[in-house]
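Summary of structural features
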Amino acid sequence: MQPLMKPQKSDVTDAVRSKYAAVAESSLSNSHQGVRAVAEAFGYSPEELASIPAEANMGLSCGNPIATANLKPGETIVDLGSGGGLDVFLAAKKVGPTGKAIGIDMTPAMIDRANAAAKRDGYSNVAFKLGTIDRIPLPDASADVVISNCVINLAPDKAAVFREVARILKPGGRLAVSDIALKKPLPEELAQDIMAYVGCIAGAILIETYRQQLKAAGFEHVEVIDGGADLNAYAKVENQSGCCSHPPSAPAEQSSCCGSSSKAAKPTKVAKSSCCGSETQPTADVHARMIELLNRYNVNDYAASVKVFAIKPK
């Protein structure tokens, strides 16, 4: 076997954008029992999920940052890596008509999906902007709260992300994030694999490094806490495994976008309604390498779903 090369920033960005474009162009939504189950496993209530556009949830979360953000009417909230708008739409209800909920995402298909839902359902206090989270397209001191859900681990330069968050937050503003962080260093095979990066694992940093980088960006009262969630939750749901669902005849033992099963599965053809792409695209194109890796490693031994909170000094 040839030695694995460390993923380059451009390779990572292209792979992530391609992966999540395929998810955005799928029909995954709250109408799929598996998608709802994934979100509920990471902290969303059935009532929350029923209150938003169905297509806003695609089973991509690893926590519920809305639960810790303590949003208030009239506030401006920014969601980094907003995807289909799950947390933006929930935040919009909490900040009310005098507030604003803004989503930032680098995938045009995600922006299109979220905008279509917002327009159809008449949300007047939301906006979705195309951009990367290490160069946020917003003015200085324009946000009361910044949230993110299982996305910062995908950013090649996390320190730049934290500096940008500090820049756009108002003095006294707060950061509330759900993310993946490491309990201990990954084996080299996982750490250097591009599909493990896209799968929210190889790009994660140590919990202590997360704390240090937030403090270096100027934040106070920094907390990065292991939420104790099982990162294999996606694979426990019948016919649904996070980023990639499969036909009813296929076993739910594929890898997910933020977790995996502990068993390998044979490649299957993906149905047209799946997130992985077209009717004839094999799951092996995206998942085979992750399945191979994670068949040998239990991701819960190395990584954790963390709850992150920090405050910008006044």
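Look up: the structure comes first, before these words.
Residues numbered from 1 in each chain as written. Predicted model: local features only at pLDDT ≥ 70, side-chain atom pairs only at ≥ 80, totals over all residues. Heavy atoms only, no water.

This brings us to the packing of helix 7 (residues 158-168) against helix 10 (residues 207-216). Between helix 7 and helix 10, the shortest axis-to-axis distance is 9 Å and the interhelical angle comes to 45°. The pairing of helix 7 with helix 10 is recorded here as oblique in orientation. In this structure, helix 7 crosses over helix 10, and the sense of that crossing is right-handed. Listed contacts from helix 10 to Lys-158, Ala-159 and Phe-162 of helix 7 are Tyr-210, Gln-213 and Leu-214. Per-class residue counts for the contact of helix 7 with helix 10 are four nonpolar, one polar and one charged. (Axes fitted to C-alpha atoms, helices over the stretch in contact; angles between N-to-C directions. Helix = DSSP H or I, 4+ residues; strand = E, 2+ residues; numbered from the N terminus. Parallel < 35°, antiparallel > 145°, perpendicular 65-115°, else oblique. Left-handed = near helix turned anticlockwise from the far one by under 90°. Contact = heavy atoms within 4.5 Å. Nonpolar A, V, L, I, M, F, W, Y, C, P; charged D, E, K, R; others polar.)

Glancing now at the sheet that holds strand 1 (residues 76-80). As summarised here, the arrangement of the seven strands in space is 3-2-1-4-5-7-6, forming an open sheet in which the pairing is mixed. The sheet is open, and its two borders are formed by strand 3 (126-130) and strand 6 (220-226), each paired with just one other strand. Averaged over all pairs of adjacent strands, the angle between strand axes in this sheet comes to 15°, irrespective of strand direction. Of the strands in this sheet, strand 2 (100-105) and strand 3 touch helix 6 (residues 108-121), which is tilted by about 165° from strand 3. Strands in contact with helix 10 are strand 5 (169-182), strand 6 and strand 7 (303-311); relative to strand 6, the strand with the most contacts, it is inclined by about 160°. (Pairing = 2+ DSSP bridges.)

What follows concerns the environment of Ala-109. With respect to the helices, strands and loops of the structure, Ala-109 is situated in helix 6. Sequence separation between Ala-109 and Leu-130 is 21 residues; the distance between their C-alpha atoms is 9.9 Å. Ala-109 has contacts with Ala-21, Ala-24 and Glu-25, leaving out every residue within four places of it along the chain.

Membership of the largest hydrophobic core comes to 35 residues, with the highest contact counts inside it found for Val-16, Tyr-20, Met-110 and Ile-180. Contributions of two or more residues to this core are made by helix 1 (9-24), helix 2 (33-41), helix 6, strand 5, helix 9 (194-198) and helix 12 (299-302). (Core = buried A, V, L, I, M, F, W, Y, C linked by side-chain atoms within 4.5 Å. Buried < 20%, exposed > 50% of the residue type's maximum accessible area, 1.4 Å probe, protein only.)

As a further point, take the packing of aromatic side chains. Overall, the coordinates contain four aromatic pairs when judged by the stated rule. Between Phe-89 and Tyr-123, the ring centres sit 4.6 Å apart and the planes meet at 50°, which makes this aromatic pair tilted. Here the residue Phe-89 occupies a position in helix 5 (residues 86-95), and Tyr-123 occupies one in the loop between helix 6 and strand 3, the gap between them amounting to 34 residues. By relative accessible area, which is 0% here, Phe-89 ends up buried. On the numbers, 6.4 Å between centres and 75° between planes, the contact of Tyr-297 with Tyr-302 is edge-to-face. Both residues of the pair, Tyr-297 and Tyr-302, count as buried. Members of the aromatic cluster, joined through ring pairs, are Phe-89, Tyr-123 and Phe-128. Note that Lys-184 overlies the ring of Tyr-302, its terminal NZ or CZ placed 4.9 Å from the centroid. (Phe/Tyr/Trp six-rings, centres within 6.5 Å; stacked < 30°, edge-to-face > 60°. Lys NZ or Arg CZ within 6 Å of the ring centre and 35° of its normal.)

With that settled, the discussion passes to the environment of Asp-193. With respect to the helices, strands and loops of the structure, Asp-193 is situated in the loop between helix 8 (188-191) and helix 9. Once the C-alpha coordinates of Asp-193 and Gly-203 are considered, the two residues, ten residues apart in sequence, prove to be 9.6 Å apart.

Take helix 6 next. Taking 1.5 Å per residue as the helical rise, helix 6 with its 14 residues ought to reach 20 Å, and the 20 Å between its terminal C-alpha atoms agrees with that figure. Among the residues making up helix 6, those that are buried are Ala-109, Met-110, Ile-111, Arg-113, Ala-114, Ala-117 and Ala-118. Backbone geometry just after helix 6 places Gly-122 at a positive phi near 75°. (Expected span 1.5 Å × (residues − 1).)

A word on helix 7. Burial analysis of helix 7 places eight of its eleven residues in the buried class, which makes it a mostly covered element. When we look at burial in helix 7, the residues that qualify are Lys-158, Ala-160, Val-161, Phe-162, Glu-164, Val-165, Ala-166 and Ile-168. Those residues of helix 7 that are buried are in contact with strand 1, strand 4 (143-149), strand 5, helix 9 and helix 10. The N-terminus of helix 7 is capped by Asp-157, whose side-chain oxygen sits 3.4 Å from the backbone nitrogen of Ala-159. (Polar contact = N/O pair within 3.5 Å; in protein donor to acceptor, adjacent residues only side chain to side chain.)

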